[in-house]
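# Coordinate analysis (summary)
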Amino acid sequence: QVQLAESGGGLVQPGGSLRLSCAASGTITRIGAMGWYRQTPGKQREMVATITSGGFTTSVGSVKGRFTISRDNVKKTVYLQMNSLKPEDTAVYYCNAQTPTGHSYWGQGTQVIVSS
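Everything in this summary refers to the structure shown in the same document. (Residues numbered from 1 in each chain as written. Predicted model: local features only at pLDDT ≥ 70, side-chain atom pairs only at ≥ 80, totals over all residues. Heavy atoms only, no water.)

## What about the packing of aromatic side chains?
What counts is decided by this rule: Only centres within 6.5 Å qualify two rings of Phe, Tyr or Trp (six-membered ring in Trp) as a pair; their planes then separate them into stacked at under 30 degrees, edge-to-face at over 60, and tilted for everything else. Helix and strand definitions follow DSSP, with helices as H or I runs of at least four residues and strands as E runs of at least two, each counted in order from the N terminus. Each ring is checked for a lysine NZ or an arginine CZ that lies within 6 Å of its centre and within 35 degrees of its normal; such an atom marks a charge sitting over the ring.
Tallied over the entire structure, the rule returns one aromatic pair. Seen from their ring centres, Tyr37 and Trp106 are 5.0 Å apart, and the 70 degrees between their planes marks the pair as edge-to-face. Residue Tyr37 is located in strand β4 (residues 34-39), and its partner Trp106 is located in strand β10 (residues 104-106); the two are separated by 69 residues in the primary sequence. Sitting over the face of the ring of Tyr79, Arg19 holds its NZ or CZ atom 4.1 Å from the ring centroid.

Written as structure tokens, this is what we have:
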């Protein structure tokens, strides 16, 4: 079992920055890919950025150049640095972790609101 604890969401003005963190814990010794997804009411959850255990990253086009995903494998933690935030980035952000055996785990979500 893997538990994911997210933190770092909140209210920020357009153009501002936030850093999300997600720490994995539980009876797991290895974690594969980790990522951040987001969801707004009435819409499907979308991938924001992912990172493999080796550090290979992907991200959706709308956040390229503004968001950076990183991870600390020792701490089993993934981060999402979000700069130049826009109102359309407002969403609940969810952390995801994959195990080498193919199991997928989700965090409880953290709200990000970008508004003046």
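What follows picks up the thread again.
## Regarding the pairing of strand β9 (residues 91-98)
Walk down a regular strand and you will see the side chains alternate between the two sheet faces. The cut-off we apply is this: To sort residues, take the accessible area from a 1.4 Å probe on protein chains only and compare it with the maximum for the residue type: under 20% means buried, over 50% means exposed, and anything in between is partly exposed. A pair of strands is considered paired only if DSSP assigns at least 2 bridges between the two.
Taking burial as the measure, the eight residues of β9 include six buried ones, the bulk of the element. Relative to β9, β4 runs antiparallel, the two sharing six bridges. Residue pairing for β9: Trp36 is matched across the bridge by Cys95. Where β9 lies against strand β11 (residues 110-114), three bridges are found, and the strand directions are antiparallel. Each residue of the ladder has a partner; that of Val92, found in β11, is Gln111. In this structure, β9 lies alongside β10, joined through three bridges in antiparallel fashion. Among the inter-strand pairings, Ala97 is bridged to a residue of β10, identified as Tyr105. The antiparallel hairpin formed by β9 and β10 contains five residues in its connecting segment, where Gly102 sits at a positive phi of about 100 degrees.

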